[in-house]
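Spelled out from the first residue to the last, the chains are:
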Amino acid sequence: MLETDALKEKLEMEIHRFARPPEELSSGDPYFEQLQTMLAIREELENIPLCDIQRDMLLAMENVLESAWLFRNTPVPDLCMNPNNISEVVYYFLQDKGAEYRGDLLYERAKAEFDARMEELAALPPK
């Protein structure tokens, strides 16, 4: 439950960082569309069941909601995602970023094991 609260707090802080006073906005600024979409993405992320690795990934990411916004607006070849369906956007966003995150975890684990083994070998006598 603690991680869920941490994620909610992180997403709330991101919304507050993104928020701007109306007097700073110019006519035709896509701010409100982006804010509305980011709020919908935040709500979806807070209300769907996430596995531990997804939650850890989101907590480790910088600017989760902006990343999801950019993902929504960047066409991905061979991906039939409806950008107006927030559930679909979140699903594919988690899938895409999750593969990248798991790959990084695997790399870091393999690198740590390799480095430890090299240190063991370096400590052995030459023969």
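Higher on the page you've got the structure.
First, a word on scope: everything that follows refers to the structure included in this document. (Residues numbered from 1 in each chain as written. Predicted model: local features only at pLDDT ≥ 70, side-chain atom pairs only at ≥ 80, totals over all residues. Heavy atoms only, no water.)

### Here we look at the side chain of Arg 72
Within the element layout of this structure, Arg 72 appears in helix α4 (residues 64-73). On the basis of relative accessible area, Arg 72 is assigned to the buried category, the value being 11%. Within polar-contact distance, the side chain of Arg 72 engages the backbone oxygen of Pro 83 at 2.8 Å. With sequence-adjacent residues up to four places away left out, Arg 72 is seen in contact with Glu 33, Thr 37, Met 81, Pro 83, Asn 84 and Val 89. (Helix = DSSP H or I, 4+ residues; strand = E, 2+ residues; numbered from the N terminus. Buried < 20%, exposed > 50% of the residue type's maximum accessible area, 1.4 Å probe, protein only. Polar contact = N/O pair within 3.5 Å; in protein donor to acceptor, adjacent residues only side chain to side chain. Contact = heavy atoms within 4.5 Å.)

### Quick notes on the pattern of salt bridges
Inspection of every chain in the model, using the stated rule, returns 6 salt bridges. One salt bridge in this structure joins Asp 52 and Arg 55, with 3.3 Å as the shortest N-O distance. Here Arg 55 and Asp 52 lie together in helix α3 (residues 52-60), a separation of 3 residues that amounts to about one turn. (Salt bridge = Lys/Arg side-chain N within 4 Å of Asp/Glu carboxyl O.)

### Points about the environment of Ala 60
For Ala 60, the location among the structural elements is in helix α3. The exposed category is assigned to Ala 60, whose relative accessible area is 59%. Placed 41 residues apart in sequence, Ala 60 and Tyr 101 show a C-alpha to C-alpha distance of 9.6 Å.

### Side note on the side chain of Arg 55
Overall, the relative accessible area of 12% leaves Arg 55 in the buried class. Look past the residues within four positions of Arg 55 in its chain and what remains in contact with it is Glu 3, Thr 4, Leu 7 and Leu 50.

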